[in-house]
Amino acid sequence: MHKFSADRVFPVSAAPIENGVVITDDAGLILAIERREQHDPASLQILPGVLIPGFVNTHCHLELSHMKGKVHTGTGLIPFIMGVVTQRNAAVEVIADAIEQAERDMLAAGIVAVGDISNAPDTFAVKAKGRLRYYTFVELFDFLQEAGSDKTMADGTAVYEQIELAAGSRRALVPHAPYSVSTGLFQKIRDFNPASGITISIHNQETPPENELFLNKTGSFLDFYGKFGISMDAFQATGRASIYYALEHLNPQQRTLFVHNTLTTRDDIRAAQSWSEQVYWATCPNANLYIENRLPDYQAFMDTDARVTIGTDSLTSNWQLSVLEEMRTIARYQSYVPFETLLRWATLNGAQALGFEDSLGSFEVGKKPGVLSLQGLDAEGRIGRDARVERLI
Ligand SMILES: [Zn+2]
């Protein structure tokens, strides 16, 4: 049994507890949450700072870990994608070693679950060991070419079938992004997945050309497709931002996790949240800075009661895989976001987005969320330069 205590305990699902104690069994199952005065101090492991549940990273591409530092920063999404497509290939051992190292780094950074995009089966051996709880999103795209959607589905299904799910892990077939998935492929993905009870992840409004394509059929996505010899003759502008195309073709009965949302407006957020009660938003601030050098408008998400979650994206578009580093970036550039809001984004909201809140995301009796010691908060209790996290269990 463990009795962890700190100046403050943040259960996340309830108000913070001054001098709280989190009691777990040896495996980390929460047995009780109490106060220090109920205990013999000698029986407690007292830590500086605060105690928080383990982090949930809702957006990663673990299979791209070997490309760390290979693609330039600040180019914008389209040159970034070109960089990934042209430099992705590597020796099998190089890819496998980078995946294992990245998983170790996530564990050390206090991450307990990951929503992970897979285009290939490269990560499945690591995931089958069950050290982290994974929601694997097997991601499909046909570059808006419906004629190719049958082959895309066949290839994606073959990848999906190869996943060996560790206890508590899940999988789904998902569309990549509005600008890369035809209406026919959207429909096939929808038909393939169970009608409810799963999470669908989709990249959304990450770069201005994405909205330009849908609004006016203009912008650099046309050049991008041209370079690959892909015809856009059949594509018609919808006259609305790209997210509305996704809403038309996704299933509102499922949890939907929109990823990036750098250009998403208050109206877009409200439209999505009135379309479904199960909408979640993943923000990956460091990747947004890496690729586009801009951040979402978090005030818009707070004003609309949006359920924001935090993702790291991949090591191709980030300097590390750490939810704390994402929180630090938000606290630095949009410092009006309160600590407790950030904490909820980093834990319980992420667990709910992935359907893992049965055991993760908050300190509640019967859950096994991981226990982190967060130290070095500044005088106002905020995440500044010195904040660091240590995993206790
Ligand atoms: Zn991504």
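Residues numbered from 1 in each chain as written. Predicted model: local features only at pLDDT ≥ 70, side-chain atom pairs only at ≥ 80, totals over all residues. Heavy atoms only, no water.

Asks: If you had to explain the pairing of strand S8 (residues 133-140) to someone new, which residues and values would you point to?
Replies: Counting buried residues in S8 gives 8 out of 8 residues, a clear majority hidden from the surface. For strand S7 (residues 111-118) and S8, the ladder comprises 6 bridges, and the chain directions are parallel. Paired with isoleucine 117 across the bridge in S8 is phenylalanine 137. Across 6 bridges, S8 lies against strand S9 (residues 170-175) in parallel orientation. Across the sheet, the residue bridging to valine 138 is leucine 173, located in S9. Viewed along the sheet, the connection from S8 through helix H4 (residues 149-161) into S9 turns out right-handed. (Buried < 20%, exposed > 50% of the residue type's maximum accessible area, 1.4 Å probe, protein only. Helix = DSSP H or I, 4+ residues; strand = E, 2+ residues; numbered from the N terminus. Pairing = 2+ DSSP bridges. Right-handed = clockwise from strand over helix to strand, strands pointing away.)

Asks: Give a detailed account of the sheet that holds S8, specifying residues and quantitative values.
Replies: Overall, parallel pairing links the 4 strands, which are arranged S6-S7-S8-S9 in an open sheet. Bordering the open sheet on either side are strand S6 (55-60) and S9, each of which pairs with just one other strand. Neighbouring strand axes in the sheet, compared pairwise and without regard to direction, differ in orientation by 15° on average. Against the sheet, helix H5 (residues 183-192) contacts S8 and S9, and its axis sits at roughly 160° relative to S9. Across the face of the sheet, helix H12 (residues 323-333) comes into contact with S6 and S7 while running at roughly 85° to S6. (Axes fitted to C-alpha atoms, helices over the stretch in contact; angles between N-to-C directions. Contact = heavy atoms within 4.5 Å.)

Asks: Residues and numbers for the pairing of strand S10 (residues 199-204), please.
Replies: The element S10 is extensively covered by neighbouring structure, given that 6 of its 6 residues are classed as buried. Burial of S10 is two-sided: the residues Thr199, Ser201 and His203 facing one way and the residues Ile200, Ile202 and Asn204 facing the other way are all buried. Sheet topology note: the S10/strand S11 (residues 255-260) ladder contains 6 bridges and is parallel. What sits directly across from threonine 199, in S11, is arginine 255.

Such coordinate-based values are descriptive only and should not be taken to indicate function.
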